[in-house]
Amino acid sequence: MTDLLDRAAAEEPRGDPGPDPTADPAPPSSAAPEPGAPADPVPAAHRALLAAVLLGAGGIHLAMAPSHLDGSVWEGAGFLAAGWAQATLALLVVAAGRGGARRWRVRWRWLLPAVAGVNLALVVAWAVSRTTGLPVGAHAGEAEPVGLVDGVCAGLEVAAAGVAATLVVARRRVTGPLPRRGALVAAGLAVVLATAALASPDARDHAAGHDDGGTGHAAGHDDATAAMAGDHGHAAGSDAAADEASGFAELVNGHHHDTGVEPLTVEESVTLARQLASTVDLMEKYPTLGDAEAAGYRRNGPFTPGLGTHYAPPNAPLNTDGDMDPEDLANAFLIYDGLEPDAPIAGFMFLAAEVEPEGFAGPNDHWHYHDNVCVIIHPDGTLDSPLASDTSGTTKERCDEIGGQWIPFTGYMVHVWNVPGYESPDGMFTEVNRAITCPDGTYHRIPLTDIVGKDNLCVNP
């Protein structure tokens, strides 16, 4: 009997004996997820997208801060604060991905709303600056034009706020290969857009686009209408106080790059002399305004101190390739010091297509351009520009109301001041020329609102 009982016990299956009721309970595992918590509320691809748009917008703000500090401490400080806030949020987004689901409550719960709130506030501030103008700063109350750089930056901020808000609402894992792939593609696109905006000409000219109606900062005007009032970098050796008193300090002409005069090599000097030989022929053919009109040249805009009166050549071909070949050099715009038939020739202007040309030999030819231009072409070929260009106040709707032709972008252009007696003391290729003044010897112009129908913008014509 005993043998049978022993045999039955040996044949009984041996399973898990179960927990020892006398043992101490095991501590809870730190790896166990919280009840109802998502495994990974913000996947890596979406963290990369959020960080990319934040870094793109922050990088643009930081890159544009120095140019805005030059014009306004408030604006420059605002750009620095916005840039560092977005860069810090981007770093926190990357860091918050560490720790898994248990970090959701202590990090993501406040970080995602912070990203959405900060960027939404910056978008609102940008919209105000482009409509009614910011309430503080050197350009308080002035509506600024929308440009490529600020438009891309605002778009990145909208994306950051939207992605963060979506993740707050979802509160769950975003699964599937397509959303993950799409997030990574969008992150790469954000980096490309921010880089392209910072490398564009608009980034170099961005801070110049402040208009105050003719008495303060401005990006400048079309050559046909004259320059608006604005900050202008004084040439080395010029008397800043005298420039302010005479009105020369207010002359600016178009969106342009840094100016300056650098020495030329022997080869550059020889090439430049050959290129400018065509202007000597033009001086001899059309020494006065009357000579130009008799040959078919037509006035483009009023007389303006520092710019003179521009005359366009008849049937001139557009320089579409940017090369300064003989045909382009022979079809320069002529600039005269006055409006009377005996007004002497003072300089030249060359017009190119949408791509900034190589231009003249050497580094000193500083090409510029204009946007938001409204022109009226009269039956005799004379051109007037009744509205100030390069300003947010000049719109296609206003241009249509007065029967004008809207030109959103003029193409690149450069002035050449090499006529004997009219050489610019600040450099041959400067936008404006001190040698061209109003009859009273100053550069004071009439207010911007009074230029319609005027052929002379001097206060004392």
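Preceding this section is the structure that the text describes.
Quick notes on the rules
- Residues numbered from 1 in each chain as written.
- Predicted model: local features only at pLDDT ≥ 70, side-chain atom pairs only at ≥ 80, totals over all residues.
- Heavy atoms only, no water.
- 1 Å grid on protein atoms, 1.4 Å probe; cavity = no way out; pocket = protein on both sides within 12 Å on 5 of 7 lines; lining within 4 Å.
- Points joined across faces, edges and corners; volume = space filled by probe spheres on them.
- Helix = DSSP H or I, 4+ residues; strand = E, 2+ residues; numbered from the N terminus.
- Nonpolar A, V, L, I, M, F, W, Y, C, P; charged D, E, K, R; others polar.
- Core = buried A, V, L, I, M, F, W, Y, C linked by side-chain atoms within 4.5 Å.
- Buried < 20%, exposed > 50% of the residue type's maximum accessible area, 1.4 Å probe, protein only.
- Disulfide = S-S within 2.5 Å.
- Contact = heavy atoms within 4.5 Å.

Chemist: I keep staring at the layout of surface pockets and nothing clicks. Help me out?
Modeler: In this approach the atoms are scanned with a rolling probe the size of a water molecule, which exposes any empty space left behind. When its volume is computed, the second largest pocket comes out at roughly 760 Å³. Taken together, 30 residues line the second largest pocket, and the ones lying closest to its centre are N300, A312, F333, L351 and L383. For the lining of the second largest pocket, the secondary structure elements donating two or more residues are strand 2 (298-304), strand 3 (308-312), strand 5 (345-351), strand 7 (371-377) and strand 9 (405-409). In the lining of the second largest pocket, the residues fall into 18 nonpolar, eight polar and four charged.

Chemist: Is there a simple way to explain the nonpolar core in this structure?
Modeler: Nonpolar side chains in soluble globular proteins tend to be buried together. Counting residues in each nonpolar core, the largest one holds 40 residues, and the members touching the most others are L334, Y336, F348, F350 and F360. When contributions to this core are tallied by element, the ones reaching two or more residues are helix 10 (277-285), helix 11 (289-294), strand 3, strand 4 (333-336), strand 5 and strand 10 (413-416). The leading source of residues in this core is strand 5, at five residues. Within the second largest apolar cluster, 29 residues are counted, among which are L54, A57, V152 and L167.

Chemist: Can you walk me through the state of the cysteines in this structure?
Modeler: Disulfide: a covalent bond formed between the sulfur atoms of two cysteine residues. The tally for this structure, following the rule as stated, stands at two disulfides. The side chain of C374 participates in a disulfide bridge whose partner is C399; the two sulfur atoms lie 2.1 Å from each other. Residues C374 and C399 are joined through a disulfide that is right-handed, its torsion about the S-S bond being 80 degrees. Note that C374 is positioned in strand 7 and C399 in helix 13 (residues 396-401), a separation of 25 residues in sequence. Residue C374 is classed as buried on the basis of its relative accessible area of 0%. Note on C399: relative accessible area 0%, which makes it buried.

Chemist: Just checking my understanding: could you explain the environment of V416 for this structure?
Modeler: Summarising the element assignment, V416 is placed in strand 10. Residue class for V416 comes out buried when judged on its relative accessible area of 0%. Put simply, V416 and D365 are 51 residues apart on the chain and 8.4 Å apart in space, counted from C-alpha to C-alpha. Apart from residues no more than four positions distant in its own chain, V416 is found in contact with L276, G347, F348, F350, F360, M428 and F429.

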